[in-house]
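So you can see what is in the structure, the chains are spelled out below.
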Amino acid sequence: IEREKIVQLSKEPKVIVPLQESKAYTPEVKAAVEQVKDENKGFITGQLLPATAEFGADFGVGLERALTPISTRIKNISGDVYKRLRKFEFDVKKNTIADHEAIVPFLRKLKTLDEDSKIALDLALKNGDKKVIKAIGIANNMTNELNAVKSVLDNLHDRTIDAGMKVNYRWDFFPRIVDDVDGLMDHLAGETYWSAIEEALSNKSATLERDLTKDEKIGVINNLLMGRPVDGVSLAKKGVFKERSIEQINLELNKFYGTSDKALLNYVGVANEAIETSIFFGKAVDLEGNPDVTDSVGALVAELKLGSREATLLAEMLAARFNSGRMGRIAAAARNLSYMDTMGTVLNAATQIGDIATSLFNSGILNTLSVLPAAVMNKTRMALKDIAVDQIAEEFDSGSLTSLGVNKVFKLSGLHKMDAVGKLTLVNSALKKYTQQAKKNNASLNKELEFMFEGDAAQVKQDLMDGNITNDVKFLLFNKLLDMQPMAKSEMPEYYLRNGNLKIVYMLKTFTIR
């Protein structure tokens, strides 16, 4: 073909014939094309779109895990679990406050003792030496205070039994707490009975089917040293020591332990949480260390007969609440130092006025202004301890230097005072509004009471009308406060609860969650 002919042909317009109109579109080709179209359609509708939707759903869940309180998410899945969780938070705080009230006189008296008496009483309490305890009590006029502590410990034991928990308890029991975990482990590793301790730790780990936390290891060691068997191991039965010598904390060991007042405060909190956790799940948990509630969570979720996705989400949230991560010392110190730097001014204390604005919005101008003066003078009808948020034993907290510094700075700047005024105003103005609504047979209140109290709703409503501040009325107001402020772990997002050191990311932002 000549070159000019080729050029001419290339310039002619090309006619594109649709496949369906061409001679090549045979029945066989048509069938093949339809098959490919069906396969593509199946991929898009059956795989691609659902996968995209699932990714979108997971993205939304991710945001909820990071930003939404787990109580809100749990309520959307199961109203019953939500109510049980709120009641759990209330009962833990209420009972802990009651126990703190009973032991505070002892803690105050303890601070007045001379140094030698403090050391002697500390060792006597740890070792159950009732003669020394009695002598120091009489000499320092603190027998009543010591008896009050004994009553609290006895009552806690009775409540653990009622909750189905198995606790080794004796008349001379007094809690211990280890401050220097690594130091104690190193010290005991050089003792002749270390092999028995290792056996107990190994058995405990095998029972739980995981590695033990530091708290759990200390729980095992403390029980062994106090003569209690752990997973089939007992130092007394091993013939390592006579039973009495096992229980003794001497001056050499005592350097690894915290003081008795610190141990008592810690035990009251841990015991109350363990008791209420056992009641919540209907299954006893381990009082020592950090109880693993994985099996209990699984059993509770299985009872609800939820869809697989909802069941998974609910289990994850409950596990986050009851097995929450802890901040390390360095991260906690950094957070506390930042709190002191950013919040330790009178100006920042004044920003707590936002609670009063919330009260104005929720309870109205008249209800808010009518209780505000009493809140400022701390003479409101409902006190902070009534709604289970008062830190009665805060002055005896012997935490880290930075945490103590935060408390001191917050008090000096007026932040503590303004925070208390805000809470008292919120709660007492809400009480006024609830009382008014009850007398008017308000439909919104009736619905709220029926949801929270079911068959007892009518009685709670009558109590509001009669002005009776019952436990249920306190619980109602506790709920109202939690709706506005994250005053319990269940009012924090899942990611906050799961990740120990990442809690620092939420610093100064927790109150914006509500």
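Criteria and cut-off values
- Residues take numbers from 1 onward in each chain, read along the sequence in its written order.
- Where totals are concerned, whole chains, interfaces and linings use all residues; where local detail is concerned, this predicted model gives features only for residues with pLDDT of at least 70, and gives and counts side-chain atom pairs only at 80 or more.
- Each side-chain value is worked out from all heavy atoms of the structure, with water and hydrogens disregarded.
- Elements are defined by DSSP. Helices are runs of H or I of four residues or more, strands are runs of E of two residues or more, and each kind is numbered from the N terminus.
- In this scheme, a helix's expected span is set at 1.5 Å multiplied by one less than its residue total.
- Note that bend, as reported per residue, equals the angle between axes fitted to the 7 residues terminating at that residue and the 7 residues originating from it.
- As used in this record, nonpolar core signifies buried Ala, Val, Leu, Ile, Met, Phe, Trp, Tyr and Cys residues forming a set joined through side-chain atoms within 4.5 Å.
- Whether a residue is buried, partly exposed or exposed follows from its accessible area with a 1.4 Å probe, protein chains only, as a fraction of its type maximum: under 20%, in between, or over 50%, in that order.
- In this analysis, two residues are considered to be in contact whenever any of their non-hydrogen atoms come within 4.5 Å of each other.
- A pair is scored as a salt bridge if a Lys or Arg side-chain nitrogen falls within 4 Å of a carboxyl oxygen belonging to Asp or Glu.
- The definition of a polar contact used here is a pair of N or O atoms within 3.5 Å, where within protein one atom must be able to donate a hydrogen and the other to accept one, and adjacent residues in sequence count solely through side-chain atom pairs.
- Confidence of the prediction at every residue is given by pLDDT, a number between 0 and 100.
- What counts as a ring pair is set by centres within 6.5 Å for rings of Phe, Tyr and Trp (its six-membered ring), and what kind of pair is set by the plane angle: stacked under 30 degrees, edge-to-face over 60, tilted for all other angles.
- The rule for a charge over a ring is simple: NZ of Lys or CZ of Arg within 6 Å of the ring centre, and within 35 degrees of the ring normal.
- Angles run from 0 to 180 degrees between N-to-C directions of axes, and those axes are lines fitted to C-alpha atoms, restricted for helices to the stretch in contact.
- Roughly parallel means an angle under 35 degrees; roughly antiparallel means over 145; roughly perpendicular covers 65 to 115; every other angle is labelled oblique.
- Here a crossing is taken to be left-handed if its near helix is turned anticlockwise relative to the far helix by less than a right angle, and right-handed if that turn runs clockwise.
- Note on residue categories: nonpolar means Ala, Val, Leu, Ile, Met, Phe, Trp, Tyr, Cys or Pro, charged means Asp, Glu, Lys or Arg, and polar means any other residue, Gly included.
- Nonpolar side chains (Val, Leu, Ile, Met, Phe, Trp, Tyr) within 5 Å and like charges within 9 Å form the patches, drawn only from residues with over 30% relative accessible area and no salt bridge.
- Note that accessible areas follow from Shrake-Rupley with a 1.4 Å probe, and for residues the cover is restricted to the protein chains shown.

Q: Would you explain helix α4 (residues 79-111) in this entry?
A: Owing to its 3.6 residues per turn, the α-helix brings residues three or four apart onto one side. If you check α4, its first and last C-alpha atoms are 47 Å apart, about what 33 residues at 1.5 Å a residue would give, namely 48 Å. The largest bend in α4 comes to about 40°, at Ile103, with the proline Pro105 one to four residues further on.

Q: So what exactly am I meant to see when it comes to the nonpolar core here?
A: Nonpolar side chains tend toward joint burial in soluble globular proteins. Membership of the largest hydrophobic core comes to 89 residues, with the highest contact counts inside it found for Ile74, Phe106, Phe280, Leu318 and Leu477. Top element by residues in this core is α4. It accounts for eleven residues. In this structure Phe106 touches Leu125, Met142, Glu145, Leu146, Val149 and Leu264, once residues within four positions along its chain are discounted. In this structure, Leu184, Ala200, Leu212 and Leu225 belong to the second largest nonpolar core, which totals 23 residues.

Q: Help me understand the environment of Ser71 in this model?
A: Its place among the elements puts Ser71 in helix α3 (residues 70-77). For Ser71, a relative accessible area of 1% gives the class buried.

Q: How do you make sense of the environment of Phe280 when you look at a structure like this?
A: Residue placement: Phe280 occurs in helix α13 (residues 260-281). Residues Phe280 and Ser296, spaced 16 residues apart in sequence, show a C-alpha to C-alpha distance of 9.5 Å. In this structure, Phe280 is in contact with Val81, Arg84, Leu85, Phe88, Leu300, Leu318 and Phe322, ignoring residues within four places of it in sequence.

Q: Looking at this structure, I do not really get the pattern of salt bridges. What am I missing?
A: Opposite charge on two side chains lets them pair, provided their charged atoms get close. Under the counting rule described, the total for this entry stands at 24 salt bridges. With a shortest N-O distance of 3.6 Å, Lys83 and Asp80 are connected by a salt bridge. Of the two residues, Lys83 and Asp80 both sit in helix α4, three residues apart, roughly one turn of that helix. In this structure, Glu216 engages Arg210 in a salt bridge whose closest nitrogen and oxygen atoms are separated by 2.7 Å. Using a relative accessible area of 8% as the deciding quantity, one classes Glu216 as buried. Classification of Arg210 by relative accessible area gives partly exposed; the value is 24%. Ionic contacts of the salt-bridge type, sharing partners, join the residues Glu64, Arg65, Arg73, Glu316, Glu494 and Arg498 into one network.

Q: I tried to follow helix α8 (residues 181-189) on my own but got confused; where do I start?
A: Of all the residues in α8, the buried ones are Val181, Gly183, Leu184, Met185 and Leu188. Next to the buried residues of α8 lie α9 (194-208), α10 (214-225) and α12 (251-254). Sitting at the head of α8, Asp180 places a side-chain oxygen 2.8 Å from the backbone nitrogen of Gly183.

Q: Could you clarify how one ought to interpret the confidence of the model for the protein in this entry?
A: Do not read the predicted coordinates in detail wherever pLDDT is low. With 71% of its residues at a pLDDT of at least 70, the protein reaches an overall mean of 79. Considering each helix and strand of the protein separately, the mean pLDDT is smallest for helix α11 (residues 243-247), with a value of 43, and largest for helix α23 (residues 457-466), with 97. Scored below 50 in pLDDT, residues 9-17 shows one contact in the model against residues more than four places distant or in partner chains. For the stretch residues 238-246, pLDDT sits under 50, and the model shows 21 contacts to residues farther than four places along the chain or on other chains.

Q: What is the right way to read the packing of aromatic side chains from this model?
A: Applying the stated criterion across every chain, the model contains ten aromatic pairs. An angle of 65° between the planes, with centres 5.9 Å apart, marks the rings of Phe88 and Phe280 as edge-to-face. Of this pair, Phe88 sits in helix α4 while Phe280 sits in helix α13, and the two are 192 residues apart along the sequence. With relative accessibility at 4%, the residue Phe280 sits in the buried group. An aromatic cluster of three or more residues is present, and its members are Phe88, Phe280, Phe281 and Phe322. Taking the ring centre of Phe280 as reference, the NZ or CZ of Arg84 above it sits at 5.2 Å.

Q: What am I meant to see in the packing of α4 against α13 here?
A: Helix packing for two helices is described by the angle between their axes and how far apart those axes are. Between α4 and α13, whose axes approach to 9 Å, the crossing angle comes to 155°. Taken together, α4 and α13 sit at an angle that is classed as roughly antiparallel. Judged by the twist between their axes, the crossing of α4 over α13 is right-handed. Of the residues contributing to the contact of α4 with α13, the split by class is 13 nonpolar, six polar and six charged.

Q: What's the story with a nonpolar patch on the surface in this structure? I'm lost.
A: A surface patch of nonpolar side chains, amounting to about 280 Å² of accessible area, comprises Leu360, Ile365 and Leu369. Position of Leu360 among the secondary structure elements: in helix α18 (residues 354-363). On the basis of relative accessible area, Leu360 is assigned to the partly exposed category, the value being 33%.

Q: Before we go on, may I ask you to explain the packing of helix α22 (residues 443-453) against helix α24 (residues 471-484) in this structure?
A: Closest axis-to-axis distance for the α22/α24 pair is 12 Å, and the angle between their directions is 105°. By the angle between their axes, α22 is roughly perpendicular relative to α24. Facing Glu448, Leu449, Met452 and Phe453 of α22, the residues of α24 in contact are Asp472, Phe475, Leu476 and Asn479. In the contact of α22 with α24, the residues fall into five nonpolar, one polar and two charged.

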